[in-house]
Amino acid sequence: MTPARRRQVACRAQRELGVSERRACNAIGQPRSTQRHKPKPRDGEAELVKRMKELAKKNPRYGYRRICACLQREGYRVNRKRIHRLWRKEGLKVARKQRKRRRLGHSGNSVKLRKASHKDEVWCMDFVHDQTDDAKMVKVLPILDEYTREWLGTSVERSINAEGVIATLEALVATRGAPAHIRSDNGPEFIAEALKDWLATKGAKTLYIEPGAPWENAYSESFNSRLRDELLDRELFGSLAEAKVVLDDHRHHYNHDRPHSSLEYLTPVAFAAKCQPLAESTAMADGTTAHPRTLVQVGT
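Computed from a predicted model, the values in this text were never measured in an experiment.

It is worth spelling out the pattern of salt bridges at this point. Charged atoms that come close allow side chains of opposite charge to pair. The tally for this structure, following the rule as stated, stands at 20 salt bridges. Residues Glu150 and Arg176 are paired through a salt bridge, measuring 2.7 Å at the closest nitrogen-oxygen approach. Taken as a pair, Glu150 in the loop between strand 3 (137-145) and strand 4 (151-157) and Arg176 in helix 7 (residues 162-176) lie far apart in primary sequence, 26 residues in all. For Glu150, a relative accessible area of 10% translates into the label buried. What makes Arg176 partly exposed here is its relative accessible area of 26%.

Over its 14 residues, helix 4 (residues 45-58) runs 20 Å from end to end, which matches the ideal 20 Å to within 8%, given 1.5 Å per residue. Taken as a whole, helix 4 has its buried residues at Glu45, Leu48, Val49, Met52, Leu55 and Ala56. Down the axis of helix 4, the buried side of the element spans an arc of 125°, and every buried residue falls inside it. Of the exposed residues in helix 4, those oriented more than 90 degrees away from the buried face are Ala46, Glu47, Lys50, Lys57 and Lys58. Against helix 5 (64-73) and helix 6 (80-89) lie the buried residues of helix 4.

Inspection of helix 6 places Arg82, Ile83, Leu86 and Trp87 among the buried residues, and these make up the whole buried set. Around the axis of helix 6, the buried residues are gathered within 135° of arc, so they sit on the same side. Looking at helix 6, the residues exposed on the side facing more than 90 degrees away from the buried face are Lys81, Arg88 and Lys89. Tucked inside the fold, the buried residues of helix 6 contact helix 4 and helix 5.

Before going further, it helps to examine the packing of aromatic side chains. Inspection of every chain in the model, using the stated rule, returns five aromatic pairs. Ring plane angle 90° and centroid distance 5.2 Å describe the contact between Phe223 and Tyr254, whose orientation is recorded as edge-to-face. Pair noted here: Phe223 is in helix 9 (residues 218-232) and Tyr254 is in helix 10 (residues 240-256), with a separation of 31 residues, a long-range link. Of the two residues examined, Phe223 and Tyr254, each falls in the buried class. Ring pairing ties together the aromatic residues Trp151, Phe223 and Tyr254, which thus form one cluster. Directly above the aromatic system of Tyr62 lies the positively charged group of Arg66, at a separation of 5.5 Å from the ring centroid. Its guanidinium or amino end placed over the ring of Phe127, Lys139 lies 4.3 Å from that ring's centre, counting from NZ or CZ.

What counts and what doesn't
- Numbering of residues begins from 1 in every chain and follows the order in which that chain's sequence is written.
- Local features are withheld for residues below a pLDDT of 70 in this predicted model, meaning they are given only at 70 or higher, and side-chain atom pairs are given and counted only at 80 or more; totals for whole chains, interfaces and linings count all residues.
- Side-chain metrics in this entry use all non-hydrogen atoms of the structure; hydrogen atoms and water are not considered.
- When a carboxyl oxygen of Asp or Glu is within 4 Å of a side-chain nitrogen of Lys or Arg, the pair counts as a salt bridge.
- Secondary structure elements follow DSSP: runs of H or I no shorter than four residues count as helices, runs of E no shorter than two count as strands, and numbering proceeds from the N terminus.
- The buried label goes to any residue with under 20% of its type's maximum accessible area, the exposed label to any with over 50%, and the partly exposed label to all in between, with areas taken from a 1.4 Å probe on protein chains only.
- Helix span, expected: 1.5 Å multiplied by one less than the number of residues in the helix.
- Note: the arc covers the axis-to-C-beta directions of the helix.
- We call two residues in contact whenever any of their non-hydrogen atoms come within 4.5 Å of each other.
- Only Phe, Tyr and Trp rings are paired, with Trp represented by its six-membered ring, and only when their centres lie within 6.5 Å; those with planes under 30 degrees apart are stacked, over 60 edge-to-face, the remainder tilted.
- A positively charged side chain is recorded as over a ring if its NZ (Lys) or CZ (Arg) lies within 6 Å of the ring centre. The angle to the ring normal must also be within 35 degrees.

See the structure below:
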């Protein structure tokens with residue numbers, strides 16, 4: 001037991017059994033100086049706890065590690081052990097959900113066999129659906145950089161066809177440049193000849209996953225799960241325009257404020273800023289060569 005817990009036991013023994021403090025402390029192995037010690041809160045701890053609870057309330061799916069990373073980025077000089085102690089003291093927790101693990105897949109275009117090794121080598125995309133409060137569909141198309149985990153752009157409409165996908169990608173390519181590859185499933189919007197022809201003009205290749213194997217597009221599936229958990233399941237959109245504004249605000253939060261566990265709790269933008277230019281092109285797993293982009297090792 002911790003000294004604080006032994007202190008409680010000794011006090012209870014004195015109160016219920018009528019024994020002296022000396023005898024109670026001897027029985028449980030508690031030094032009397034420790035028993036009489038009155039813990040004092042550290043300077044600024046009330047402010048720290050207040051801010052920790054504010055972050056936990058704003059981001060209910062964040063655990064104490066991610067909250068600690070947020071606090072450190074804001075300038076608080078804390079470590080995980082201290083935040084964990086205060087987290088437990090305040091009774092904060094994230095409800096655990098059991099999820100079955102899926103295999104990563106075996107096709108040549110899966111994230112396991114064709115993993116991005118530098119920035120803008122592989123973008124991924126997949127649809128996620130929601131609705132406004134009038135029960136009309138909202139179709140969302142997030143596009144991610146698999147290496148930096150940046151949420152590059154989003155299309156939010158009632159319906160999105162191949163032309164809508166092209167328009168979204170064209171806006172991104174105009175400002176960021178074309179990726180070497182784009183990973184997606186075999187939906188009709190993604191396998192349309194118009195999209196394939198447009199990608200060919202930009203020098204980008206497609207990585208279509210196996211039908212019925214969404215885990216092969218794992219980064220996109222994981223992102224959509226987090227998007228639903230942290231935003232879509234918490235927000236009721238009154239209109240399509242409201243959905244566009246809220247999703248755009250959340251994209252900025254995701255890229256600039258949300259620590260990412262796979263990036264050693266850096267934000268995607270902070271991680272991307274650390275990427276250094278490649279001197280040579282990078283070979284893909286199947287022997288093809290991607291265009292020179294950027295490369296950084298996590299933790300550098």
